[in-house]
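Topology and contacts: notes
Spelled out, the chains give:
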Amino acid sequence: MDQPAAEKSKEYIRPLPGNWWMKKKAYSLFMLRELTCVFVGGYALYLLILVARATDQAAFNAMVNSPGIIVLHVIALPMVIYHSITWINLTPKVLIIWRGEERVSSTLIAAVHHAGWIVLSIVIFVIVRAIAGT
Amino acid sequence: MAKSNEPIWWSLFSAGGVVAAFFLPITMILTGFAVPAELISENGLYDLLHHWLTRVYLFLMISLPLFHWAHRFRFAVADLGLKDKSGMLPVAVYLAAIVGTILALVFLIRL
């Protein structure tokens, strides 16, 4: 709808340059955290392709031993681990636990989840190694 | 309050975030490093992949992280100052996650 110029809103919209996230370390780390999703999604896509190839043992073997695939894992793993760390750091924000009158410290809640993540990873590794080990 | 699909996408984003945080790093170590390092055999991994429990696991590892990506990526694009002129970005990312989920289901059942 066309409004007369005088009635148009004069509110100031602060321009936000596209590189705002380079200005401060905290902003850059935020952007890095948000961009971990590309590697999380990328790995899910890899799993999908791996599953699609898993009807043929030779194609599957070639894929898991391919140097290119290993390089992609080397690049993506640190980003996915960064997702894990930042995600688990947020657990105290959604999990509020009271022990009597006292609120359980957010550091403790996050630490327990980090420890749980490590233990769970080791358990999965040990189980898979027991089943599929060399 | 206006009706919105937001809670559905946010829940899937969140579920994907949890699953990715706790399970993806070790899964990546298993698929990317354990075989070349000869900690697990490719034949053993191949057989394990066909177990029904692993297939359920892989379904969750594919579908939920895709929805996590879709939701976060969409907002990251906006945060980077990139304009979604056509307005199709949300549709495109969620549709990609839905298609990925369906394909995962098809491939995993077929195994």
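Analysis parameters
Residues numbered from 1 in each chain as written. Chains lettered and ligands numbered in written order. Predicted model: local features only at pLDDT ≥ 70, side-chain atom pairs only at ≥ 80, totals over all residues. Domains from an automatic or database assignment. Core = buried A, V, L, I, M, F, W, Y, C linked by C-beta atoms within 7 Å. Buried ≥ 20, exposed ≤ 12 C-beta atoms within 10 Å, placed from the backbone. Helix = DSSP H or I, 4+ residues; strand = E, 2+ residues; numbered from the N terminus. Expected span 1.5 Å × (residues − 1). Bend = angle between axes of the 7 residues up to and from the residue. Contact = placed C-beta atoms within 7 Å. Axes fitted to C-alpha atoms, helices over the stretch in contact; angles between N-to-C directions. Parallel < 35°, antiparallel > 145°, perpendicular 65-115°, else oblique. Left-handed = near helix turned anticlockwise from the far one by under 90°. Nonpolar A, V, L, I, M, F, W, Y, C, P; charged D, E, K, R; others polar.

Points about the domain arrangement of chain A
Here the domain parsing of chain A yields domain 1 (21-76) and domain 2 (90-95 + 104-134). For domain 1 of chain A and domain 2 of chain A, the distance between their C-alpha centroids amounts to 21 Å.

Brief notes about the nonpolar core
Grouped together as the largest cluster of nonpolar side chains are 47 residues, with contacts concentrated most on Val40(A), Tyr43(A), Ala44(A), Leu47(A) and Val51(A). Of all elements in the fold, only helix H1 (25-53), helix H3 (67-89) and helix H5 (106-132) of chain A together with helix H1 (6-32), helix H3 (52-79) and helix H4 (89-110) of chain B reach the threshold of two or more residues within this core. Taken domain by domain, this core gets at least three of its residues from each of domain 1 (21-76) and domain 2 (90-95 + 104-134) of chain A.

Digging into H3(A)
With 23 residues, H3(A) should cover 33 Å at 1.5 Å per step; its first-to-last C-alpha distance of 33 Å lies within 8% of that length. For H3(A), the principal kink sits at Ala76(A) and spans about 30 degrees; a proline, Pro78(A), occurs within the next four residues. For H3(A), the elements touching its buried residues are H1, helix H4 (91-94) and H5 of chain A together with H1 of chain B.

Points about the environment of Val91(B)
Residues and elements named next belong to chain B. Locating Val91 in the fold gives a position in helix H4. Its 11 C-beta neighbours within 10 Å are what place Val91 among the exposed residues. Taking the C-alpha atoms as reference points, Val91 and Arg74, 17 residues apart in sequence, are found 9.8 Å from one another.

Let's talk about the packing of H1(A) against H3(A)
Residue and element names in this part refer to chain A. One can describe the packing of H1 onto H3 by two numbers: an axis separation of 8 Å at closest approach and a directional angle of 120 degrees. Put simply, H1 runs oblique to H3. The handedness of the crossing between H1 and H3 is left-handed. Every residue of H3 that contacts H1 at Leu32, Arg33, Thr36, Phe39, Val40, Gly42 and Tyr43 is listed here: Ala76, Met79, Val80, Tyr82, His83 and Thr86. Of the residues assigned to the contact of H1 with H3, the class counts are 8 nonpolar, 4 polar and 1 charged.

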